[in-house]
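Reading the structure
For reference, the chains in residue letters:
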Amino acid sequence: MEELQSTEILDREILEDARKKAYRILKAADETVKAASGVWEKKIGETLEALNEKYAEQRKLAAAEILARLPMDRRRAKAEKIESLLRQAVETWYEGLGRDKVLSILKTELEVRLAECAEFFDSDERVRVLIHKIERAEAGTILKAVLPGKDCVIEETPALSPYPEIILDNRLVRISASIHKTVDFLLREKRAELIESLLGTAALNMEEVL
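This section reports on the structure supplied with the text. Note that the structure is a prediction, hence the values are computed from the model and not measured. (Residues numbered from 1 in each chain as written. Predicted model: local features only at pLDDT ≥ 70, side-chain atom pairs only at ≥ 80, totals over all residues. Heavy atoms only, no water.)

1. Focus on unusual backbone geometry
Phi at Lys 133 is positive, roughly 60 degrees, even though this residue is not glycine. Structurally, Lys 133 is set in the loop between strand S1 (127-132) and helix H3 (136-146). On the accessibility criterion, Lys 133 (47% relative accessible area) is partly exposed. (Helix = DSSP H or I, 4+ residues; strand = E, 2+ residues; numbered from the N terminus. Buried < 20%, exposed > 50% of the residue type's maximum accessible area, 1.4 Å probe, protein only.)

Okay, here's the thing in structure tokens:
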């Protein structure tokens, strides 16, 4: 009986000792976790603070760049708008010409150019005629006026220009008449007048500083 009680007491002592050891181990582990958590929280806090400072600086730089570019972007946008309005004005002018006036412009241009180099077309050589956005019959009428009695062969040719064009070509020289050239002349030589007419003097002054 005494032996049994001694065994029970020993078992209780062993269990109590094991419980105390387990408690100490768990407490130490808990303290380790808390310490590690504190270290990580500090590191995370420092990292977040560094990131916030970095991105705050980047936001400042981005804002400064945007503000610096804004006047230039505005001027560019105004310049593009003016250019678009000029193109629209010229296109409206062209659409209002009428077909007879378009053909008359081409005929006049050819006459001017032929007057400067007529000697190159004095021979009996056949003249190759390239046309774009012109009917063969229309080209024939123009050719009878500018090169009367001349043997001409008419060919249609593709081109990027949206405007009519006629080209006279032989082995010595090539001359052309194009509404596109007239449009370019208006946009280049009459630019100030067009801008002032469309948008007023203020827009003209803005155009000069671009």
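2. Considerations on the nonpolar core
Core analysis: the largest hydrophobic core is formed by 33 residues, its most contacted members being Ile 166 and Leu 168. Going through the elements one at a time, helix H1 (2-95), helix H2 (99-116), S1, H3, strand S3 (165-169), strand S4 (174-178) and helix H4 (179-189) are the ones with two or more residues in this core. Take this core: its biggest share by element is 6 residues, from H2. Beyond its immediate chain neighbours, meaning those up to four positions away, Ile 166 contacts Leu 106, Leu 110, Val 129, Leu 130, Ile 131, Ile 134, Ala 139, Ile 175, Ser 176 and Ala 177. (Core = buried A, V, L, I, M, F, W, Y, C linked by side-chain atoms within 4.5 Å. Contact = heavy atoms within 4.5 Å.)

3. A short note on the pattern of salt bridges
Within this structure, the stated rule accounts for 9 salt bridges. Between Glu 111 and Lys 107 there is a salt bridge, and its shortest N-O distance comes to 2.9 Å. In this pair, Glu 111 and Lys 107 are both assigned in helix H2, 4 residues apart and thus about one turn of the helix distant. Using a relative accessible area of 32% as the deciding quantity, one classes Glu 111 as partly exposed. Between Glu 155 and Arg 128 there is a salt bridge, with its nearest N and O atoms 3.1 Å apart. Placement of Glu 155 in strand S2 (residues 152-156) and of Arg 128 in strand S1 is noted, with a sequence separation of 27 residues between them. Residue Glu 155 is classed as partly exposed on the basis of its relative accessible area of 28%. Put simply, Arg 128, Glu 155, Asp 169 and Arg 174 are held in one network by salt bridges that share partners. (Salt bridge = Lys/Arg side-chain N within 4 Å of Asp/Glu carboxyl O.)

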